[in-house]
Amino acid sequence: MSVHDLRMTRAAEALFQPLRPAGHQFGTLDTEQLAKRLVVFTPAGDEVDRLMMRARRDIEGLTTTDVIHRVMSFNPDAFWAIARRGRFDARSPAGEGFVAFLMLNDAGMQRLIEGTLNTKDPEPVYLAAQNERPAGIYIWACHARGLMVGGVPLAFEKIWTPLYRGADVYARAVTPAGDRFLGELGFRRGATYKGATAEHLHMYRRSSAPAEDGPLYDRYREGAEQHETSVTVARSVEDLMRAITIRSAVYISEQKCPYDEEFDGNDLSATHLLGYVGNEPVGCLRIRYFADFAKIERLAVRSEFRSLGLGSKLVHAAIELCQVKGYRRIYAHSQKRLLEFWSQFEFRPLEGGREFVFSDFDYVEVVLNMTRHPKAISLGMDPYIMIRPEGRWHVPGILERSAIRPVTRPSAERSAIRRTTRAGAEYSSSHPTRRSLAGDARTNLLSVQTG
């Protein structure tokens, strides 16, 4: 059974309409209001049969109830029924919709990615039992019409328990509406598992992304192996302090550069990359941006870590970051003694450039001409991508999660109240006989806005 036939098409068209969330990030959906109106529960055998019979009126090709019962016997968390709270009777629970999951073990995930898992009749050998942590969770099926669509996030909440929280979630969309629905939830097209990919699946990552899965400039993860090297974008004041500390050790202490020449007033108008060995920050690089080129500079690696190739990783990461930002040319100043290092990345001396000196070293202008990244940031892309943190354009951000809240325009509403109150006061002053009516109007407006 695959997800998003008619079931997710309807979900995409009607999801949360009574509750008004717009862009809703999977896993951050506010279920407090939903729980006041709906309830999810594990149904008994007869109720499963009834729910499946109802679903077959809308969905062609559903698996048999025998398969559902077999999977539920192996892991009862695989099937959740949805009901209206006002009609729910614990003595005789009856559902009006359902969400089903396949909790897959390692072998099951490999089969899913390969496209060889029989999702219509999965063998138990590929499933994780109720007390086992799954390697991945596949959204097996969903049937929720009308108000019942609001119960889908309540069912999703069941896979956010400590046992299931770290497992990535997978789904398959077979309609454009289903594809849009998954995109709104934060799923990305093209699933991965242990280096294998499946373009026909969508994936919502909840586990720590393996280093090789992210872009070169976003591969550091806390808890990295002791000798693992990685690069990330500096995004906080603390990150900037790390870069400043590394440059102080390399340029000021080791190369005797004067403080005012090293910290030149450009650090707050640049992007900084940090290089790590394990969890230790040991290298950095700075990128500044101009109209038709970017400039990389201030490459530094602490002396005791220079044999690990981190300097090259920082440069490769900077090149990829500039490409994603849409640049086709990168400019740099190479110490004359390091021209061979920069030539590894296909930097060449700038035609018509010159040699020059600063901070007691001799330099040469070099330039790299490159092709534009196929996923370069550009106008017309999803506007949420533009407001994600620097270097995290591939991961849904906090402002997307904030979109679940209803539109309230708090500052605009307060301004409207003040304008109306002021207008009412002026009206009542010019019409003394109607002062009490104006006061009543102000009271009514405030009660509506705050009630």
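Residues numbered from 1 in each chain as written. Predicted model: local features only at pLDDT ≥ 70, side-chain atom pairs only at ≥ 80, totals over all residues. Heavy atoms only, no water.

A. Highlighting helix α5 (residues 106–114). Buried within α5 we find Gly-108, Met-109, Leu-112 and Ile-113. Down the axis of α5, the sector holding all buried residues measures 135°, keeping them to one side. In this structure, the buried side of α5 is in contact with β3 (97–104), β4 (136–143), β5 (168–171), β6 (188–193) and β7 (196–204). Regarding α5, its N-cap is Asn-105, as a side-chain oxygen of that residue lies 3.2 Å from the backbone nitrogen of Ala-107 further along. Immediately downstream of α5, the backbone of Gly-115 shows phi near 85°, a positive value. (Buried < 20%, exposed > 50% of the residue type's maximum accessible area, 1.4 Å probe, protein only. Helix = DSSP H or I, 4+ residues; strand = E, 2+ residues; numbered from the N terminus. Arc of directions from axis to C-beta. Contact = heavy atoms within 4.5 Å. Polar contact = N/O pair within 3.5 Å; in protein donor to acceptor, adjacent residues only side chain to side chain.)

B. Representation of unusual backbone geometry within the structure. Positive phi is not limited to glycine here, since Arg-298 has a value of about 55°. Within the secondary structure layout, Arg-298 lies in strand β11 (residues 294–301).

C. Quick peek at the confidence of the model for the chain. Averaged over the chain, the pLDDT score is 82; the fraction of residues at 70 or greater is 81%. Every residue in residues 1–24 is under pLDDT 50, and counting partners more than four places away or in other chains gives 78 contacts. (pLDDT = per-residue confidence, 0-100.)

D. Inspection of a nonpolar patch on the surface at higher detail. On the surface, Leu-379, Tyr-384, Met-386, Ile-387, Ile-398 and Leu-399 cluster together into a nonpolar patch covering about 620 Å² of accessible area. Those elements that place two or more of their residues in the nonpolar patch are α12 (383–386) and α13 (398–402). Within the fold, Leu-399 resides in helix α13. Of the residues examined, Leu-399 reaches a relative accessible area of 42% and is grouped as partly exposed. (Patch = residues over 30% accessible without salt bridge, like charges linked within 9 Å, V, L, I, M, F, W, Y side chains within 5 Å. Areas by Shrake-Rupley, 256 points an atom, 1.4 Å probe, with all protein chains shown as cover. Salt bridge = Lys/Arg side-chain N within 4 Å of Asp/Glu carboxyl O.)

E. Focus on the pattern of salt bridges. Inspection of every chain in the model, using the stated rule, returns 27 salt bridges. Two residues, Arg-145 and Asp-58, come together in a salt bridge whose shortest N-O distance is 3.4 Å. In this pair, Arg-145 is assigned in the loop between β4 and α6 (152–156) and Asp-58 in the loop between α3 (45–55) and α4 (65–74), connecting sequence segments 87 residues apart. The exposure class of Arg-145 is partly exposed, given its relative accessible area of 46%. The exposure class assigned to Asp-58 is buried, which follows from its relative accessible area of 12%. Because the salt bridges share partners, they merge into one network encompassing Arg-247, Glu-262, Asp-264, Asp-267, Arg-286, Arg-288, Lys-295, Glu-297 and Arg-298.

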